[in-house]
Amino acid sequence: MGLTASVLAVDAGNSKTDVAVVAADGAVLATARGGGFRPPAVGVRAAVDEVADAVTRAFTAAGVTSVDHVSACLANADFPVEEEQLAAALHARAWGAGTQVRNDTFAVLRAGVTEPRGVAVVCGAGINCVGMRPDGRTARFPALGRISGDWGGGWGLAEEALWHASRAEDGRGAPTALARTLPAHFGLPSMYALVEALHLERVESARRHELAPVLFATAADGDPVARSVVDRLADEVVTMATVALTRLDLLEEETPVVLGGGVLAARHPQLDDGVRDLLAARAPKAVPRVVTAPPVLGAALLGLDRTGAREEAHERVRAYFA
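Definitions and limits used
Residues numbered from 1 in each chain as written. Predicted model: local features only at pLDDT ≥ 70, side-chain atom pairs only at ≥ 80, totals over all residues. Heavy atoms only, no water. Phe/Tyr/Trp six-rings, centres within 6.5 Å; stacked < 30°, edge-to-face > 60°. Lys NZ or Arg CZ within 6 Å of the ring centre and 35° of its normal. Pairing = 2+ DSSP bridges. Helix = DSSP H or I, 4+ residues; strand = E, 2+ residues; numbered from the N terminus. Right-handed = clockwise from strand over helix to strand, strands pointing away. Salt bridge = Lys/Arg side-chain N within 4 Å of Asp/Glu carboxyl O. Buried < 20%, exposed > 50% of the residue type's maximum accessible area, 1.4 Å probe, protein only.

Undergrad: How would you summarise the packing of aromatic side chains if you had to cite specific residues and measurements?
TA: Applying the stated criterion across every chain yields a total of 1 aromatic pair. With centroids separated by 4.9 Å and ring planes inclined at 80°, the aromatic side chains of tyrosine 320 and phenylalanine 321 adopt a geometry described as edge-to-face. The ring of phenylalanine 106 has arginine 102 sitting right over it, with the charged end atom 5.2 Å from the ring centre. Here arginine 232 stacks its cationic end above the ring of tryptophan 151, 4.0 Å away from the centre of that ring.

Undergrad: Outline the pairing of strand E5 (residues 96–103), supporting the account with residue identities and numerical values.
TA: Sheet topology places strand E4 (residues 64–74) next to E5; 7 bridges connect them, and they run parallel. The partner of leucine 74 across the bridge, within E5, is asparagine 103. Between E4 and its parallel partner E5, the chain crosses via helix H3 (residues 80–91), and the hand of that crossover is right-handed.

Undergrad: Break down the pattern of salt bridges for me, with residues and values.
TA: With the rule as written, the count across this model stands at 18 salt bridges. Among the ionic pairs, aspartate 25 bridges to arginine 316, the shortest N-O distance being 2.8 Å. You can see aspartate 25 sitting in the loop between strand E2 (17–22) and strand E3 (28–34) and its partner arginine 316 sitting in helix H13 (residues 311–321), a full 291 residues away along the chain. Its relative accessible area of 41% is what places aspartate 25 among the partly exposed residues. Overall, the relative accessible area of 44% leaves arginine 316 in the partly exposed class. The partner of arginine 140 in a salt bridge is glutamate 83, with the nearest N and O atoms 2.9 Å apart. With a gap of 57 residues between them, arginine 140 in strand E8 (residues 138–140) and glutamate 83 in helix H3 connect regions that are remote in the sequence. Classification of glutamate 83 as buried rests on a relative accessible area of 13%. Each member of the salt-bridge network shares a partner with another, and the members are Lys16, Asp18 and Arg33.

Right under this line is the structure:
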């Protein structure tokens, strides 16, 4: 009979999967990294196979064959029904006695707080927000893009920048340096040339995400249109956080608001200051903090919460990933 560890922590995003095997005392016995987790693109079975590869390597390195609890924070688990379906698919692999699946934004939140209490806004390729209380209450959004009312994220910022730049060049919109800086990023002379290149796929569509940093640089140089887009993102981040705090009855209590994802973790001064100023006005007791710890830490802490581990175990696993 093989050994049993306490928690298998899984943080599976669109681009990569991180797993960690954690003992009951918080010692990290092994970690592994795998490919992206994309059930909508490849199907649930193939997506879980990608996770399984990393789990197998981590179990082998740790010298264990199963755990007490699987704590999985997964991209594309946007509705409770999807969490249930994915939990069933993971549980069928017999990695642990119990399995809990949450949206991957919960991993960022738990990594940034000392107890399961607070709100997180994650702004990477997209934007999402979740909140939790120790009593199990949560607040969340579908976060499926415009159809669920979302605006922002690196992809949305790039699209907005392209929109303004195209209209500036052809005369429909206000002048903006974006009409020069966006095509210049790809070595092109004009927005017309960039739009044509994107349309004909001479510039791959996936490379649009490279334009978010160009937008921030243009804003930092003082361009009013670029700055207005950054200000709009700050407003959106704070709107989501404030709604989540309100839903959880945390608006009147000192509560951490964790800011994560590549766009927020980059600490662009205008965005960073804008978020903090707006939070101070709308949710004065919120305590903003940027988290840079790996989200798999959050998945591990959620697992230790579930197994009733001592505080020393939480501190040990946090120290490992610090």
